[in-house]
Amino acid sequence: MRASVLRGGRMVLRDDVPEPVPGPGQVLVAVKACGICGSDLHFAAHGDDALAAGAQMEGMPQLGDTVDLSADVFMGHEIAAEVLEAGPETDAPPPGTVVTSIPALISQTGVVPIVYSNSVIGGYAERMLLSAPLLLPVPNGLDPRHAALTEPMAVGLHAVNRSAITPAESALVIGCGPIGMAIIAALRLRGVEHVVAADFSQTRRRLAQTMGAHETVDPAQRSPFEVAAPAVVFEAVGAPGILNDVMRRAPAHTRVVVAGVCMEPDTVMPFYGAPKELSIQFVFAYDGGEFAETLRAIAEGAIDVAPLITGEVGLDGVGDAFATLSRPDEQCKILVTP
């Protein structure tokens, strides 16, 4: 079987991956489409740092197995697929059903996230295993390429839900990459009446308007805080210095939602937040209900993900796609279609 794997910091094509065999509670699926996530790009470039940070983290259970970067690593977690075969004693949709799923594989030994693994095959492959209890059939004849964006768009919905924003409050989204776009779409889904998006890229600002932003700002020309006095600021960049700058500029009592995952040490000035009584909320991923609501919103047309898909490659093009996505003016979301 063919799969694109991370090897030595680069994505390479293999044609000798053993066929996955579904166990109890699992299904074998043929991958129809898998989105390339920014977290995959970061892991390819800084996997050692990411694994070290995860190992140091306390306060939550450690899921998954140990990843050996000297061996091939399977990735790909924004998935739409077709059911081929169910494992023994497994209640699953019939073969031919197009599904998506929260990216996690349940087995008799526990739960392994489908993110980075030496053994659990991800969506950059012809076939993979998914967990039958987590499957959601794709409704309304929705294009599998659009269904694959359920996972990243659910990230945006979760951020908006955690912010507790109301329709009458103003929102500022800083960073119009895929996470920022998902947040903008979710804000419009929740009926927020004033959404401002800020990004240095003209291409991304235009796309932000397509996704529902009422106004866009080039921070090189004007401070976005001059355009809006936001009740909620969504930080969707994930780079050092951004959070501190938001704290410095934000109005008093602003709620700051940190959705961009900064994987490097960062410095903030607590004094910027104390007198203004800023609230800072970190967010990550989504829950099952948000994942299902996102799929339903895409299928019913409440969220149009088609404009976000700016490229499509086969398994032999994943490496080049990773390189292209490092230049954000050129692409937003590239899909892998095995």
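Everything quoted here is computed from the prediction, not taken from an experiment.

A. Region of interest: empty space enclosed by the protein. Using the criterion set out here, one finds one cavity of 30 Å³ or more in the structure. There is about 40 Å³ of room inside the largest cavity. Taken together, Leu149, Pro152, Met153, Pro178, Leu308, Cys332 and Lys333 make up the full set of residues lining the largest cavity. Its residues placed into classes, the lining of the largest cavity shows six nonpolar, no polar and one charged. Two domains each provide a minimum of three residues to the lining of the largest cavity, namely domain 1 (1–136 + 304–334) and domain 2 (151–280).

B. Seen up close, the environment of Met128. Following the sequence through the fold, Met128 ends up in strand 8 (residues 127–131). Spatially, the C-alpha atom of Met128 lies 20 Å from that of Asp143, the residues being 15 residues apart in sequence. Here Met128 is in contact with Pro20, Val27, Leu28, Val29, Val31, Ile79, Ile114, Ile121, Gly122 and Gly123, once residues within four sequence places are set aside.

C. Region of the structure containing the nonpolar core. Core analysis: the biggest nonpolar cluster contains 46 residues, and Met153, Met181, Ile183, Ile184, Leu187, Phe234 and Leu308 have the highest contact counts within it. Of all the secondary-structure elements, those providing two or more residues to this core are helix 3 (150–163), strand 10 (170–174), helix 4 (178–189), strand 11 (194–198), helix 5 (202–211), strand 13 (232–235) and helix 9 (288–299). Among the elements that line this core, the one with the most residues is helix 4, at seven residues. Both domains that furnish three or more residues to this core are identified here as domain 1 (1–136 + 304–334) and domain 2 (151–280). If you look at the next biggest cluster of nonpolar residues, it comprises 44 residues, including Val27, Cys34, Ala50 and Leu129.

D. Inspection of the pairing of strand 4 (residues 78–86) at higher detail. The pairing of strand 3 (residues 26–35) with strand 4 spans eight bridges and is antiparallel. Paired with Ala33 across the bridge in strand 4 is Ala80. With three bridges joining them, strand 4 and strand 5 (residues 98–101) adopt antiparallel strand pairing. Looking at strand 5, one finds that Ala81 is bridged to Val99.

E. Inspection of the domain arrangement of the protein at higher detail. Taken domain by domain, the protein consists of domain 1 (1–136 + 304–334) and domain 2 (151–280). Spacing between the C-alpha centres of domain 1 and domain 2 amounts to 28 Å. Across the boundary between the two partners, domain 1 contributes 14 residues, which contact 12 residues of domain 2. Considering only the surface of domain 1 that becomes buried against domain 2, Leu308, Asp329 and Cys332 emerge as the three largest contributors, covering 37% of it. Inspection of the region where domain 1 meets domain 2 yields zero salt bridges. Counting every contact that joins domain 1 to domain 2 gives zero residue pairs in polar contact (both at pLDDT 80 or more). Looking at the side of domain 1 that touches domain 2 residue by residue, the classes come out as seven nonpolar, three polar and four charged.

Cut-offs used in this document
Residues numbered from 1 in each chain as written. Predicted model: local features only at pLDDT ≥ 70, side-chain atom pairs only at ≥ 80, totals over all residues. Heavy atoms only, no water. 1 Å grid on protein atoms, 1.4 Å probe; cavity = no way out; pocket = protein on both sides within 12 Å on 5 of 7 lines; lining within 4 Å. Points joined across faces, edges and corners; volume = space filled by probe spheres on them. Nonpolar A, V, L, I, M, F, W, Y, C, P; charged D, E, K, R; others polar. Domains from an automatic or database assignment. Helix = DSSP H or I, 4+ residues; strand = E, 2+ residues; numbered from the N terminus. Contact = heavy atoms within 4.5 Å. Core = buried A, V, L, I, M, F, W, Y, C linked by side-chain atoms within 4.5 Å. Buried < 20%, exposed > 50% of the residue type's maximum accessible area, 1.4 Å probe, protein only. Pairing = 2+ DSSP bridges. Buried area = accessible area lost by both parts, 1.4 Å probe. Salt bridge = Lys/Arg side-chain N within 4 Å of Asp/Glu carboxyl O. Polar contact = N/O pair within 3.5 Å; in protein donor to acceptor, adjacent residues only side chain to side chain.

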